[in-house]
Amino acid sequence: MSRENHEKSLPRILILDTGGTISQKPGNGGALEPCSTDYIEMVPRLHEIADISLTRLERMDSTDMTTPLRGIIAEKIAESYEDHDGFVVLHGTDTMADTAAALNYMLSGLGKPVVLTGAQLPIFAPGPDGMNNLYYSVKVAGMDLGEVVICFGDRILRGCRSMKENVHGFNAFGSSRIPPLGELGVSVRLLDHRIPRHRGKLRVFTKFDPRVIYLPVTSGSTVNFLEQLSQWQELQGLVLGGFGTGNIPTFLMGSLKKILKRHIPVVVVTTCLRGDTILDQYHVGKAAKDAGVTEGIDLSPIAAVQKLMYAIGVTRSQSPDLPPAEALKRIYSLMRIPVGRDISLVE
Ligand code: ASP
């Protein structure tokens, strides 16, 4: 086969670089900092598995990732969508799951792989995991997947179900509520519950409302953080982590009602890693439901935050004149519609 024909048959993969540990080096004080060294060429034989193009969007620690930059990632994917078979986003691990969830809501109708990866160790350090992660991510980006995933260690995980669960090990991510979508080993094995590659019309929506916060309740504490929040004009949405099935301490209820009186959407999620909210099960959850919160069902706190930013953004941009009570209903109904299999199906 001629070189030209060989290249034509390779999947066309766009790598979008945002930084993370994979591209960091120790600075003067010894702490890791972003550096500008190119490293894609350090990964052996990458060009044998894909026809690669690379765009460097940023070199940042993902601690500083922002909603507008997530929007830029989504726009880049949308504008390059027809010319590529798949996408790899190089990203720090700390907020990789958040970006994966955001992209799930930003890119509706996605039918190609968007693969997020990074590393626990800089690629310039001895024994780096980034070599493997990048190699396998490029490979996975050419495969039969049609959703946003995290490819890290020996797993492929649904992006909107993932969280960083290990600071130390090379399998840094887990998705406690659903099994991995694939396994990376001697070969790459994709499992049946993935969303396969499909043709569809990609639509990009990036006008998320970032004025959303996640706070879990704290057992034994007397600090009424909801009272402070109820007076905080910037707040436009709250994801509240409740105990177990979504239970909220009684002493917070008065302040929660003040927030809801302002028609601020409040989504109660469980702080547990498995299972759903069932607010009706205990009076301490039912009181919150009767006050006007909505259930996060089995959304992780990370996905709930991104989905709430999306739902508020969609509602405000599509129906700016809705009365506040109607807007709240619209936001709550968007929260319950599954997007990219982010929640288990509800009745
Ligand atoms: N702090 C780093 C980041 O998120 C951690 C990593 O990439 O592993 O950018």
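The environment of the ligand is made up of G20, T21, D61, S62, G92, T93, D94 and A119. Between the ligand and T21, the relevant distance is 2.9 Å, taken from an oxygen atom to a main-chain nitrogen or oxygen of the residue. Measuring from a nitrogen atom of the ligand, one finds a side-chain N or O atom of D94 at 2.7 Å. Contact with the protein chains removes 90% of the 270 Å² of surface that the ligand exposes when unbound. Tallied by class, residues from the shell around the ligand come to one nonpolar, five polar and two charged.

As a further point, take helix α10 (residues 324-336). Between the first and last C-alpha of α10 there are 19 Å, a value that for 13 residues agrees with the 18 Å anticipated at 1.5 Å per step. Taken together, the buried positions of α10 are occupied by A327, L328, I331, Y332, L334 and M335. Taken down its axis, α10 places every buried residue within 160° of arc, on the same side. Residues of α10 that are buried sit in contact with α7 (253-261), β17 (266-270), β18 (294-295) and α9 (301-318).

Outside of glycine, negative phi angles account for most residues, and trans bonds account for most peptide bonds. The phi torsion at H263 lies on the positive side, around 65°, for a residue other than glycine. If you trace the backbone, H263 turns up in the loop between α7 and β17. Residue H263 is classed as partly exposed on the basis of its relative accessible area of 33%. A positive phi is found at I297, a non-glycine position, where the angle reads about 55°. For I297, a relative accessible area of 9% puts it in the buried group.

In space, the four strands of this open sheet follow the order β15-β16-β17-β18, with parallel pairing throughout. The open sheet is flanked by β15 (212-216) and β18, the only strands paired with a single partner. Alignment of strand β16 (residues 237-242) against β17, held across five bridges, turns out to be parallel. Note that in β17 the partner of L240 across the bridge is V268.

This paragraph deals with the side chain of S230. You can see S230 is positioned in helix α6 (residues 225-230). Here the side chain of S230 touches E227 through a polar contact of 2.7 Å, landing on its backbone oxygen. Other than its neighbours up to four places away in sequence, S230 contacts S255, K258, I259 and R262.

As a further point, take the nonpolar core. Soluble, globular proteins show a tendency: their nonpolar side chains are buried together. Counting 49 residues, the largest nonpolar core has I77, L103, V114 and L116 as the members making the most contacts within it. At nine residues, α9 tops the list of elements feeding residues into this core. Every residue in contact with L116, bar those within four places of it in the chain, is listed here: V89, H91, M96, T99, A100, L103, V148, V149, I150 and C151.

Conventions and cut-offs
Residues numbered from 1 in each chain as written. Predicted model: local features only at pLDDT ≥ 70, side-chain atom pairs only at ≥ 80, totals over all residues. Heavy atoms only, no water. Near = heavy atom within 4 Å. Polar contact = N/O pair within 3.5 Å; in protein donor to acceptor, adjacent residues only side chain to side chain. Areas by Shrake-Rupley, 256 points an atom, 1.4 Å probe, with all protein chains shown as cover. Nonpolar A, V, L, I, M, F, W, Y, C, P; charged D, E, K, R; others polar. Helix = DSSP H or I, 4+ residues; strand = E, 2+ residues; numbered from the N terminus. Expected span 1.5 Å × (residues − 1). Buried < 20%, exposed > 50% of the residue type's maximum accessible area, 1.4 Å probe, protein only. Arc of directions from axis to C-beta. Contact = heavy atoms within 4.5 Å. Pairing = 2+ DSSP bridges. Core = buried A, V, L, I, M, F, W, Y, C linked by side-chain atoms within 4.5 Å.

All quantities given are derived from atomic positions and should not be read as evidence of function.
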